[in-house]
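Reading the structure
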Amino acid sequence: MSFLDLKNVTKIYPNGTKAVHETSLSINEGEFMVFVGPSGCGKSTLLRMVAGLEDITEGDINLDGKLMNEVDPSERDVAMVFQNYALYPHMNVYNNLAYGLKNRGIDKETIEQKVNDAAKLLQISDYLQRKPSMLSGGQRQRVAMGRAIVRNPKIFLFDEPLSNLDAKLRIQMRLEIKKLQQKVGVTSIFVTHDQVEAMTLADRLAVINNGIIEQLGTPIEIYDNPKSLFVAGFIGSPQMNFLDGNLKNKTLSAEGFEIKDINSDFEGEVTLGIRPEHLSQSENGLISLRVELVEQLGSDNLVYGQLKNKKDFCYRCPGNQTIEKGSNLSLNIDNNKYYIFDKSTGKRVN
Amino acid sequence: MTRFITSSFSHLILLIGILIMVVPVWMIFASSTHTSSMINMNGLQMFLGDSFYENYLRVLLYQGGFFKEITALKMFFNSFIMATGVAILSVVTSLMAAYALVYYRIKHATLLFWIIFITILVPLELRIFPTYSVMAELNLVNSYFGLIVPISASAIATLFFRQFYKTVPDELLESAKLDGANTWRFFVDFLIPLSKTMIVAMLIFMFVFGYNQYLWPLLVTTSEQYWTVVMGLKMMSGSIVHRFAFVIMSMVPPILIIIVLQKHFIKGVFQDK
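What counts as what
- Numbers given to residues run from 1 along each chain, matching the order in which its sequence is written.
- In the order they appear in the text, chains get letters beginning with A and ligands get numbers beginning with 1.
- In keeping with the model being predicted, local features are shown solely for residues with a pLDDT of at least 70 and side-chain atom pairs are shown and tallied solely at 80 or more, while totals for entire chains, interfaces and linings include all residues.
- Hydrogens and waters are ignored; side-chain quantities use all the structure's heavy atoms.
- Within the patch definition used here, like charges are joined within 9 Å and nonpolar side chains (Val, Leu, Ile, Met, Phe, Trp, Tyr) within 5 Å, considering only residues with over 30% relative accessible area and no salt bridge.
- The Shrake-Rupley method, run with a 1.4 Å probe sphere, supplies the accessible areas, and residue values consider only the shown protein chains as cover.
- Salt bridge, as applied in this entry: a Lys or Arg side-chain nitrogen positioned within 4 Å of an Asp or Glu carboxyl oxygen.
- Strands are runs of DSSP state E lasting at least two residues, helices are runs of H or I lasting at least four, and both sets are numbered from the N terminus onward.
- Note on geometry: axes are lines fitted to C-alpha atoms, helical ones only across the stretch in contact, with angles between N-to-C directions running from 0 to 180 degrees.
- An angle below 35 degrees is read as roughly parallel, one above 145 as roughly antiparallel, one from 65 to 115 as roughly perpendicular, and any other as oblique.
- Take the far helix as your reference; a near helix turned counterclockwise from it by less than a right angle gives a left-handed crossing, and one turned clockwise gives a right-handed crossing.
- Pairs of residues are marked as contacts when any of their non-hydrogen atoms sit within 4.5 Å.
- Under the grouping applied here, Gly and all other residues not named as nonpolar or charged are polar, the nonpolar ones being Ala, Val, Leu, Ile, Met, Phe, Trp, Tyr, Cys and Pro and the charged ones Asp, Glu, Lys and Arg.
- Domain start and stop positions are those given by an automatic or database domain assignment.
- Once two parts are put together, the accessible area they lose, assessed with a 1.4 Å probe and summed over both, is termed the buried area.
- Polar contacts here mean pairs of N or O atoms no more than 3.5 Å apart (in protein, one a potential hydrogen donor and the other a potential acceptor; neighbouring residues in sequence count only if both atoms are side-chain atoms).
- Two strands pair under a simple rule: DSSP has to find at least two bridges between them.

1. Digging into a nonpolar patch on the surface
Together, Leu15(B), Ile18(B), Met21(B), Val22(B), Trp26(B), Met46(B), Phe47(B) and Leu48(B) give the surface a local cluster of nonpolar side chains, amounting to about 850 Å² of exposed area. In this fold, Leu48(B) is placed in the loop between helix 2 (36–42) and helix 3 (52–61).

2. Observations concerning the packing of helix 4 (residues 72–103) of chain B against helix 11 (residues 196–211) of chain B
All names here are of chain B. For the pair helix 4 and helix 11, the least separation of the axes is 8 Å and the interaxial angle reads 135 degrees. The angle between the axes of helix 4 and helix 11 places the two elements in the oblique class. Judged by the sense of rotation from one axis to the other, the crossing of helix 4 with helix 11 is right-handed. Contacts between helix 4 and helix 11 involve Phe76, Ser79, Phe80, Met82, Ala83, Thr84, Val86, Ala87, Ile88, Ser90, Val91 and Leu95 from the former and Ile199, Met202, Leu203, Met206, Phe207, Phe209, Gly210 and Tyr211 from the latter. Here the residues of the contact of helix 4 with helix 11 are counted per class, giving 16 nonpolar, 4 polar and no charged.

3. Remarks on the domain arrangement of chain A
All names here are of chain A. The assigned domain composition of chain A is domain 1 (4–231) and domain 2 (238–342). When each unit is reduced to the centre of its C-alpha atoms, the spacing between domain 1 and domain 2 is 38 Å. Listed as interface residues are 7 residues of domain 1 and, on the opposing side, 8 residues of domain 2. With both chains or domains summed, domain 1 and domain 2 bury close to 590 Å², and 59% of this area falls on carbon and sulfur atoms. Considering only the surface of domain 1 that becomes buried against domain 2, Tyr223, Pro226 and Leu229 emerge as the three largest contributors, covering 83% of it. The interface formed by domain 1 and domain 2 includes 0 salt bridges. Inspection of the region where domain 1 meets domain 2 yields 3 residue pairs in polar contact (both at pLDDT 80 or more).

4. Some remarks on the sheet that holds strand 6 (residues 78–81) of chain A
All names here are of chain A. If you walk across this open sheet you meet the 6 strands as 6-7-8-3-9-10, and the pairing is mixed. Strands with a single pairing partner mark the edges of an open sheet, and in this sheet they are strand 6 and strand 10 (212–217). Between one strand and the next, the sheet's axes are offset by a mean angle of 20 degrees, whatever the strand orientation. As judged from the 4 bridges shared by strand 3 (residues 32–36) and strand 9 (residues 204–209), these two strands associate in the parallel manner. Bridged to Met33 within strand 9 is Arg204.

This is the structure we're talking about:
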C-alpha cells in the first residue's frame, strides 16, 4: 500500500453540487504530487478532504496505513499552506511557528530548537519577533511554509500558495519550494491552476477537470502523450493548436491538407492537435500560415496568424529567425508529432 | 484668505458649542466650592470658592438616606460594582453568544440572532415588572447579583462581535484546526485577542450603561446599603452646595474610564489594522 491512498473518493455538497467524482489515487512516500486544473474543477476540494477540512461523502482516504475519514484535522498530522497564508495576525512570527507545537504539548526548549531550525532553513531568523503585517509577501510565504515544516508532518498540502505573489517572486518561491521539498523529503500535494507551476514542481501530476482526474503521470508523460483534448489544451504554453478534421481509412483530412497512414482505426469527426513548437518551416509544407503578430521572447519567437480558413494558429520558432508581419509561412509538422482526438468524446484516438 | 475665514468661522461655531456644553458644568463645579449661604444669597458662581475640601469631604462621608445608613462613598462603591459587573458579564455573554452563532452549526442561526437583536426594541423599562418578579422569586432583591444580572445581556454587543467574527477569514480557523486548536482554544487564542479593541470599546460602553442605570436599581433595592450613585442623586438630601458636589463627583467615574481605556482603544485600532 502506498503512503496516501484515495479510494473512490466522492464529494457532494449539501446543495447537490458534485465537486469530486469517485477519484482514486495513490501517492508514494516523499513524492511531490501536483493537482492541476481550471478553477472550480474540484482540485482544492480534493486537497481539503485530505486535510480533513471537508467531509468525504463517499470513499476512503488512507494515510500511512490508517483510515482518515473520521479523523479530526488536528489529529491527522498534516500541514497546509493556504493561498492567503492564513498567518495568525496577532502573533509574531515565532509564535506563528510555535503555536502548533505548543498545542501538542511539546516542551519549551524543543519548540525553541525546532522553530529556530525551521527559521534558519527558510532564512526568516531575523523576523521572528515581527508581526505578519510587517512582512513582505515573500516573507509571509516563507513563514507559512515554516509553520508547516516545523511540525514535521506526514504530508504537506499546498493550496495555490504562489498565486498572491508577483511574477518574479513566484518563480523564485517555486524553486525554493521544490528545493525545500527535496531537502526535507516530505510527501507533498500542491494544488495550482498554473500549468507551468505544475510542470516544474511535480514528480507526478494529476490533471483534474470537472471533478475527475483526466490524466495522471509525470509532467513529460503528460506533455508528450496527452490522453484527452482537455489535457492537451491545458498543458503546454502557448496552448496547442486545434483544427477540425475527418478521419477515414487511416487518412485525416483537415483544413486544406491531408495526413495519410495514421495509426488509428477510428473513423469520423476528429480534432487535430499540434503544439506550436512541433512545427518547422519547409517548402511545400502542409500548413500555410499568414503572419499577423510576432512576439519576440528572445530565445523564441511566438508567431500568431491565421490559416486559409481564418482559423487562429500559433507557431513557435527559435528567436534568431526573422519573421515579417504579413508574410506567408509554409509549415510542416515535425516527426508525426500530432495528436488526434475524437471530437465528440475528446478521447485520444491515435 | 477665504480659507482662513471659513476655518475661523467653523472654529467659532465649535467653540460656541463647547461653551454651551461646558459652561453649565463649570458653573456647578465652581458653585460647589462655595458655602451654601453664598449660593443662596448670590446665585450660581463662575469662579472657584474656598470650600472645596470641606464640601466634598462632607458629601463623601455624610450618612444619608432615610435610615442614615449610606454614604456617597458607599454609593460609588455600589455603582462601581454594578457597572463593572454589567460591563464584564455582558461582554462575556455577548462574546460567547456571537461565537456560537457564527462558528457552531446551529440551525436557523440567523433567525436566532435576529430574535436576540429584537430585544433592543424591548428596553428594560418595558419588562421591568416581570423582571422584578423573577428577581423577587429568586430572592435576589437587595443584592449586587440582582442589580447586575437582568441588564447584562447585550444585543448590541452581540451584534458587534457577530459582525466582527464574520469578517475573520475561514482559513484562520482551518489553519488553527490543523495546528491542533480545538474550539475552545480557537476562541481563547484567536478570537479574543483579535477582538481586543472591540472588547475594550464594549467594556467602556457597557460600563457607562451600567453606571447610568436609574430605574432598575431604584426598584430592586429597598435597602439603602445597595443604593447607587445615579439613584442617590435624587435621594440625596442636604444643602445645595453638597448636591452640586455630588453631581460633579458622579460624573467622574465614567469620564475616568473613558480617558483611561480610550488610550488602549485608539492604540488597538491603529496597531492591529
